Amino acid sequence: DVGFTRFVFETFAEDAGLFEVRTRWDPHGGVMRHGSNVLEIYEAPAFRTRCIEHAIAVARRTLDEARVTPTEVDVLVANQLPSGFADELAVGLGLPPSCVPHVAPELAHAHTAGPIAALEEGLRRQPKTVLFVTAGAGITIGAALYRDRRAA
């Protein structure tokens, strides 16, 4: 009952086309104009909404399986992207906005470092129960539950 008690990862392949990354060769690009790889990112307008919908469902199942109610969650650590993801996830789970730590503006667009910055802020509150939820291409949702009963 202490530490990480649950990990869940789900991929929703039916939404894979909503976020795609491709590389292509540009023969005229690069510093010396000898060519370079170009990274192209496509994010459909529906990507954000579908991430939130799937994340709510996965997070609910994670909490239900652990027999944890939303009122027991002290901190929700989530992606900073897509924009507003953490706040809308909290609303969808019935969590108060105060349980969502917000990061410094310079990290607001950091996908990988965003949850770490949110965790750092959230730990200052000495939480007993932390719900981690991330969303990314695929669409893939990851959720983890951390409990520290010693903080009680």
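Right above here is the structure, for reference.
In short, a report on the structure. (Residues numbered from 1 in each chain as written. Predicted model: local features only at pLDDT ≥ 70, side-chain atom pairs only at ≥ 80, totals over all residues. Heavy atoms only, no water.)

### Description of the pattern of salt bridges
By the definition in use, this model includes 8 salt bridges. Note that R50 is salt-bridged to E53, the shortest N-O span being 2.5 Å. Here R50 pairs with E53, and both are found in helix α1 (residues 47–65), just 3 residues apart, close to one helical turn. Given the relative accessible area of 26%, R50 is considered partly exposed. (Salt bridge = Lys/Arg side-chain N within 4 Å of Asp/Glu carboxyl O. Helix = DSSP H or I, 4+ residues; strand = E, 2+ residues; numbered from the N terminus. Buried < 20%, exposed > 50% of the residue type's maximum accessible area, 1.4 Å probe, protein only.)

### Concerning the packing of aromatic side chains
As enumerated under the stated definition, the model contains 4 aromatic pairs in all. Consider the rings of F4 and F132, whose centres lie 5.6 Å apart with planes at 40 degrees: the pair is tilted. Of the two residues, F4 sits in strand β1 (residues 3–11) while F132 sits in strand β5 (residues 129–136), which places them 128 residues apart along the sequence. Seen from their ring centres, F19 and F47 are 5.0 Å apart, and the 35 degrees between their planes marks the pair as tilted. Residue F19 is found in strand β2 (residues 19–26), and its partner F47 is found in helix α1; the two are separated by 28 residues along the sequence. Judged by relative accessible area, which is 5%, F47 ranks as buried. (Phe/Tyr/Trp six-rings, centres within 6.5 Å; stacked < 30°, edge-to-face > 60°.)

### As for the sheet that holds strand β4 (residues 75–78)
Ordered by their spatial adjacency, 4 strands build an open sheet running β1-β6-β5-β4, and the pairing between neighbours is mixed. Unpaired on one side and paired on the other, β1 and β4 mark the two borders of the sheet. Within this sheet the neighbouring strands show an average axis-to-axis angle of 15 degrees, counted without direction. The pairing of β4 with β5 spans 4 bridges and is classified as parallel. Residue pairing for β5: V77 is matched across the bridge by F132. Running over the sheet, helix α2 (residues 85–93) touches β4 and β5 and is turned about 135 degrees from β4. (Pairing = 2+ DSSP bridges. Axes fitted to C-alpha atoms, helices over the stretch in contact; angles between N-to-C directions. Contact = heavy atoms within 4.5 Å.)

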